[in-house]
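# Observations on the three-dimensional arrangement
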Amino acid sequence: MKIALYSQKYKAEYAPLLASIFEELIAYQDNIVIEADLLRRYSEHNPFSYTVDTFHNVEDLPSNTDLMLTIGGDGTILWAMTLIQHLQIPILGINTGRLGFLATISQSEIGEMFSKIHNGQYHTDERSVLQINDSEGNPIAPLNFALNEVTVIRQNSTAMITVEAYLNGKYLTSYWADGLIITTPTGSTGYSLSCGGPVIMPHSKTLALTPIAPHNLNARPLIIPDNTEITLHVSNREGCYLATYDARATILPCASPVRISLAPFCLKTIELEGNDFFKTLRNKLLWGEDKRN
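Residues numbered from 1 in each chain as written. Predicted model: local features only at pLDDT ≥ 70, side-chain atom pairs only at ≥ 80, totals over all residues. Heavy atoms only, no water.

### Some words on the sheet that holds strand S11 (residues 170-177)
Ordered in space as S8-S7-S18-S15-S10-S11, the six strands form an open sheet in which the pairing is antiparallel. Looking at strand neighbours, the two that pair on one side only are strand S8 (145-146) and S11, the edges of this open sheet. Where strand S15 (residues 230-235) and strand S18 (residues 258-262) come together, three bridges link them in antiparallel fashion. Counterpart to Leu232 in the pairing with S18 is Val258. (Pairing = 2+ DSSP bridges. Helix = DSSP H or I, 4+ residues; strand = E, 2+ residues; numbered from the N terminus.)

What follows is the structure, given as C-alpha cells:
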C-alpha cells in the first residue's frame, strides 16, 4: 500500500509514536509518503534512514495514495482535507488530542490498526463537504470549503447581527443573533452542538442551521436536505461580518451575501471493524455512564 503521513504540528512527544508507525509501515513493506515539514522536524532529532517520498500540498501528493494517516486531533483532519481536496484519498486519524470524533484511533491501537488495514477489516465512509461562494458563485477564498461547518458571525463588536436566510431562493427567516452556523453531519458534534444543535448521523444527507445566541428566542435549529442552496444576507452596525469555514475565515462587507452549498467533492474516512458512530458517541459524550443505563 501507499500510505501518506501528515501532522499539522510536530511535537517532540510524537517521536515514539512516529517511530512505532514507521516500524509497522516498514514491516508491511508499505510505500511511505510523508509531509515534508513533518519529516524535516522529526529527522532533526531522530535517526531516519528509510527511503520515503515527501509532499507539500495537493499538487505533489501522489493521486494513487491508498490512505492518509493523520496524527493529532480532529483539527488535523480538517487541515489534511486541504491537502487532499478532490483526490478522494481516505483519511484515518490517530488521536493525540482530546475529544476526537474523527480521529478515533488511540496510540495504543497502532499495531491493531495496521493489522486491520492490511487484512481489509475496514470500510470507507463518505463525508459531505460544504463550499461558500459569493452571490455570483465565485469562491470567497482559495480554500472555500468546510468539512464541519460554515458560519457567519459578528466581527469586532458586541452588537448582534441580522442574518436573512433563503433556502433555494425562498425566504426562510431573519435571525437576530451573534451568528448562524450551517453544519454538516460531521460538524454536528462540534460548534453546533455547543450552541444547542442536534447530533446528526453521518450518512443522513442533511444539514442543520443553528443560530448562535439568538435574541428571537423562538429561533431553533433547523434540519434541511443537504442539496439545499443557502443564501445569507448579513447586516449590522459595522458594515462587515466574519465568514468562517472550518479553521479559516474571511471578513466580508455586508453588501456581499454568500451562497452555501455542497462542494463538488466529499471527504472519505476509514472506519475500522469494531468501531462505529454509536461507539464514538458513547466514548466521547459519555453516553451510558449513568449507572441506570
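### Considerations on the packing of aromatic side chains
Counted under the stated rule, the structure contains ten aromatic pairs. Between Arg248 and the ring centre of Trp79, over which it is positioned, the NZ or CZ distance is 5.9 Å. The side chain of Arg248 reaches across the aromatic face of Phe145, ending 5.5 Å from its centre. (Phe/Tyr/Trp six-rings, centres within 6.5 Å; stacked < 30°, edge-to-face > 60°. Lys NZ or Arg CZ within 6 Å of the ring centre and 35° of its normal.)

### Describing the environment of Gln131
Mapping Gln131 onto the fold places it in strand S7 (residues 130-134). With 38 residues separating them along the chain, Gln131 and Gly93 place their C-alpha atoms 23 Å apart. Apart from the residues lying within four places of it in its own chain, the contact partners of Gln131 are Asn144, Phe145, Arg259, Ile260, Ser261, Leu262, Ala263 and Pro264. (Contact = heavy atoms within 4.5 Å.)

### Description of unusual backbone geometry
What you tend to see is this: most non-glycine residues have negative phi, and most peptide bonds are trans. One non-glycine residue, Gln29, lies in the positive phi region at around 55°. Position of Gln29 among the secondary structure elements: in the loop between helix H1 (15-27) and strand S2 (31-35). Even without being a glycine, Gln85 presents a positive backbone phi close to 50°. Mapped onto the elements, Gln85 comes out in the loop between helix H3 (74-84) and strand S5 (91-95).

### Comments concerning H1
Residues spaced three or four apart along an α-helix point in a common direction, a consequence of the helix completing one turn every 3.6 residues. Across its 13 residues, H1 extends 18 Å between first and last C-alpha, which sits within 8% of the 18 Å expected from 1.5 Å per residue. What H1 keeps buried is the set Ala15, Leu17, Leu18, Ile21, Phe22 and Leu25. Down the axis, H1 shows its buried residues gathered within 155° of arc, on one side only. In this structure, H1 carries Pro16, Glu23 and Ala27 as exposed residues pointing more than 90 degrees from its buried face. Residues of H1 that are buried make contact with strand S1 (2-6), S2, helix H2 (36-43), strand S4 (67-72), S5 and helix H4 (110-118). Gln29 sits one or two residues past H1 and shows a positive phi near 55°. (Expected span 1.5 Å × (residues − 1). Buried < 20%, exposed > 50% of the residue type's maximum accessible area, 1.4 Å probe, protein only. Arc of directions from axis to C-beta.)

### Points about the pairing of strand S16 (residues 240-245)
In terms of residue burial, S16 counts as a mostly covered element, since five of its six residues are buried. When strand S9 (residues 149-153) meets S16, the two strands line up antiparallel, connected through four bridges. The residue of S16 that forms the bridge with Thr151 is Thr244. Here S16 pairs with strand S17 (residues 248-253) via six bridges, running antiparallel. Note that in S17 the partner of Tyr241 across the bridge is Leu252.

### Concerning the pattern of salt bridges
For the coordinates displayed, the defined rule picks out four salt bridges. Its salt-bridge partner being Lys116, residue Glu112 comes within 3.1 Å of it at the nearest N-O pair. In this pair, Glu112 and Lys116 are both assigned in helix H4, four residues apart and thus about one turn of the helix distant. Residue Glu112 is classed as partly exposed on the basis of its relative accessible area of 44%. Residues Arg154 and Asp178 are paired through a salt bridge, measuring 3.0 Å at the closest nitrogen-oxygen approach. One end of the pair, Arg154, is in the loop between S9 and strand S10 (161-167); the other, Asp178, is in the loop between S11 and strand S12 (179-183), with 24 residues separating them in the sequence. Through salt bridges with shared partners, a single network forms among Asp37, Arg40 and Glu44. (Salt bridge = Lys/Arg side-chain N within 4 Å of Asp/Glu carboxyl O.)

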